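# Understanding the architecture of this molecule
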Amino acid sequence: MIYDCHSHTEFSSDSEMKAEDAIEAARKLGIGLIFTEHYDFDYKESKHYKEMDFLFDAKKYWESYEALRGEALLLGVEVGLTPGSIEANRKFINEVPFDQVIGSIHAIDKLDIYYPEYYEGKKKEQAYGHYLETMADMVKANPYIDVLGHIDYISRYSPYDDKEIGYKEYHDLVDLVLMNVLDTGTVMEMNTRRLDSKAVAESLLMIYARYKELGGQYVTIGSDAHKAENVGMNFKMAQDMVEFIGLKPVHFRERKIEYSK
Ligand code: HSO
Ligand code: ZN
Ligand code: ZN
Ligand code: ZN
């Protein structure tokens, strides 16, 4: 079975999706699902902490959903990667037997890159360069994560006319991220959120083809759904891309890699 390996329910500060609605949406599509709730330990450093803390109680999460866990549903977490959260993340992911751990860059220098403040006074080259550099460092510093989430996260929210991480312009830093991913035995996620655009798909294809060229074999496919209607979004496009490149779609159960077929 193919899994949507990235989704957020009510245990994530920015989602109100009900577990039952998400599971039903996946069932209708004939795919499995992994919940990956937000745990951004360092978010208290952000000025937006009062609106959302991006923390949750692992034991409560497990108690609430354990009965739903099975072939069609696995229980994971998405930890925010920052220099100040390395030990906290390591501790948190051992609180309950999570199936899959995604590591993601959401904040840089204590600035949430969802908001304009990170980009203020920065040219695209600086903003994207520093983002990729930080990502490469954080992958190396957090070798225990299973999956690197949404490499193109910055392209969702940045204010530049061309939002893509063009492989031509950023090949050195993209290669560094990919090599650190491979060195640490981490799997790249292909996030489907932005794949409804052909231009976006073409740009991302370059990055994943390079991943394969450097020795990458596996990829998780994840929608990052915060609403039931987004579960499994653009999966056809992602599966076509993955097949075209020659990567294998996988998911994690009990922190162990499994082929999704
Ligand atoms: N974490 C969200 C983006 C966000 N940041 C919302 C702050 N609020 C993406 O999953
Ligand atoms: Zn979110
Ligand atoms: Zn994320
Ligand atoms: Zn997410």
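Preceding block: the structure.
Throughout what follows, the structure given in this document is the object of discussion. All values reported here derive from a predicted model rather than from experimental measurement.

## Description of the site of ligand 1
- The immediate surroundings of ligand 1 are formed by Asp14, His38, Tyr43, Phe54, Asp112, Tyr114, Tyr153, Tyr157 and His226.
- A distance of 3.2 Å is found between an oxygen atom of ligand 1 and a side-chain nitrogen or oxygen belonging to histidine 38.
- Burial of ligand 1 by the protein chains amounts to 94% of its free accessible area of 290 Å².
- For the shell around ligand 1, a count of residues per class yields five nonpolar, two polar and two charged.

## Some points on the coordination of the zinc ion (ligand 3)
- Glu78 (OE), His106 (NE2) and His150 (NE2) make up the full set of protein donors to the zinc ion (ligand 3), lying at 2.1 Å.
- Positions of the donor residues of the zinc ion (ligand 3) along the chain correspond to the pattern E-x27-H-x43-H.

## Some remarks on the environment of methionine 52
- Assignment of secondary structure puts methionine 52 in the loop between β2 (32-39) and α2 (58-65).
- In the structure, methionine 52 is positioned 39 residues away from serine 13 in sequence and 5.6 Å away in space, judged by C-alpha atoms.
- Setting aside anything within four residues of it in sequence, one finds methionine 52 in contact with Ser13, Asp14 and Tyr43.

## Notes on the coordination of the zinc ion (ligand 4)
- Ligation of the zinc ion (ligand 4) by protein atoms is provided by His6 (NE2), His8 (NE2), Glu78 (OE) and Asp224 (OD), these donors lying 2.0 to 2.3 Å from the ion.
- Classification of the site at the zinc ion (ligand 4) as irregular follows from its four donor atoms and the range of 82 to 175 degrees in their angles at the metal.
- One chain supplies every donor to the zinc ion (ligand 4), and in sequence these donors are spaced H-x1-H-x69-E-x145-D.
- Distance-wise, the zinc ion (ligand 2) is placed 4.7 Å from the zinc ion (ligand 4). Of this pair, histidine 8 sits in the loop between β1 (3-4) and α1 (19-29) while glutamate 78 sits in strand β3 (residues 73-80), placing them 70 residues apart in sequence.
- Taking the relative accessible area as the measure of exposure, histidine 8 reaches 0% and is therefore buried.

What counts and how
- Residues numbered from 1 in each chain as written.
- Chains lettered and ligands numbered in written order.
- Predicted model: local features only at pLDDT ≥ 70, side-chain atom pairs only at ≥ 80, totals over all residues.
- Heavy atoms only, no water.
- Near = heavy atom within 4 Å.
- Polar contact = N/O pair within 3.5 Å; in protein donor to acceptor, adjacent residues only side chain to side chain.
- Areas by Shrake-Rupley, 256 points an atom, 1.4 Å probe, with all protein chains shown as cover.
- Nonpolar A, V, L, I, M, F, W, Y, C, P; charged D, E, K, R; others polar.
- Donors = N, O, S within 2.8 Å, 3.2 Å for Na, K, Ca; no water.
- Helix = DSSP H or I, 4+ residues; strand = E, 2+ residues; numbered from the N terminus.
- Contact = heavy atoms within 4.5 Å.
- Tetrahedral: all angles 85-135°; square planar, octahedral: opposite > 155°, others 65-115°.
- Buried < 20%, exposed > 50% of the residue type's maximum accessible area, 1.4 Å probe, protein only.

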